[in-house]
Amino acid sequence: MDYRIDMRELTKNFRQNMRKLHPDLFTMKSDVEKKYSADQSSLINKAYDVLKNPIKRGEYLLNLIEPKHASEIIEFHESDSEKKQILMEILELNEIIDEIKLPKEVAELAQRLEEIMKPFEDDLEKAFNSKDYNQAYSVISKMKYFKNVEERIKDLQLKFNIENS
């Protein structure tokens, strides 16, 4: 099962499907066709949301493989020093966010977070490729620690009217 996906291809396919099934295209159709369009476009939107997000995609794949663990809270069992290092990095990022005053600083921080997350995504891909699902759970857990930072950066991008990648 492949974890890595081509984001350009995903977006292209999403847009193609939405051009065919968007509810606005079905306003003059029968109620059955309108419902079908609404249901399918909703499903496509949900799938796109899951597939474009590395954490959600990993959790979805793990749920397909090991559904019994899907509802469990995943906590990584690494050394205390690794947990401390991650938490210190998050603290530092949050302090930077608190001090941001310029759009350029938001863009730089977004790039920094992307650079932090890339090795996790690579590790997650390796875990799936080697079928080491315990490792996949562990990596996803680590990635979740950075989710709040990512949300704060998105809020700043909105505030400064910056288009996020």
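Residues numbered from 1 in each chain as written. Predicted model: local features only at pLDDT ≥ 70, side-chain atom pairs only at ≥ 80, totals over all residues. Heavy atoms only, no water.

Caption draft 1: Geometry of the packing of helix α1 (residues 7-21) against helix α2 (residues 31-52). Contact geometry for α1 and α2: axes closest at 10 Å, N-to-C directions at 170 degrees. The angle between α1 and α2 places the two elements in the roughly antiparallel class. Along its contact with α1, which presents Met7, Leu10, Thr11, Phe14, Asn17, Met18 and Leu21, the element α2 presents Tyr36, Ser37, Gln40, Ser41, Ile44, Asn45, Tyr48, Leu51 and Lys52. Across the contact of α1 with α2, the residue classes tally to nine nonpolar, six polar and one charged. (Axes fitted to C-alpha atoms, helices over the stretch in contact; angles between N-to-C directions. Helix = DSSP H or I, 4+ residues; strand = E, 2+ residues; numbered from the N terminus. Parallel < 35°, antiparallel > 145°, perpendicular 65-115°, else oblique. Contact = heavy atoms within 4.5 Å. Nonpolar A, V, L, I, M, F, W, Y, C, P; charged D, E, K, R; others polar.)

Caption draft 2: Region of interest: unusual backbone geometry. Positive phi values are uncommon outside glycine, yet Lys131 reaches one of about 60 degrees. You can see Lys131 is positioned in the loop between α5 (103-129) and α6 (133-145). A relative accessible area of 55% means that Lys131 is categorised as exposed. A positive phi angle, close to 55 degrees, is found at Asn161, a residue other than glycine. If you trace the backbone, Asn161 turns up in the segment after α7 (147-159). Residue classification places Asn161 among the exposed positions, given a relative accessible area of 72%. (Buried < 20%, exposed > 50% of the residue type's maximum accessible area, 1.4 Å probe, protein only.)

Caption draft 3: Up close: the nonpolar core. Formed by 28 residues in total, the largest nonpolar core has its most connected members in Leu124, Phe128 and Phe146. Mapped by element, the contributors of at least two residues to this core are α3 (54-65), α4 (80-99), α5, α6 and α7. Per-element tally for this core: the top contributor is α5, with nine residues. Residues within four places of Phe146 in sequence aside, it is in contact with Ile86, Glu89, Ile90, Leu93, Leu113, Ile116, Met117 and Phe120. By size, the runner-up hydrophobic cluster in this structure holds seven residues, among which are Phe14, Met18, Phe26 and Ile44. (Core = buried A, V, L, I, M, F, W, Y, C linked by side-chain atoms within 4.5 Å.)

Worth remembering: the numbers are spatial, not functional.
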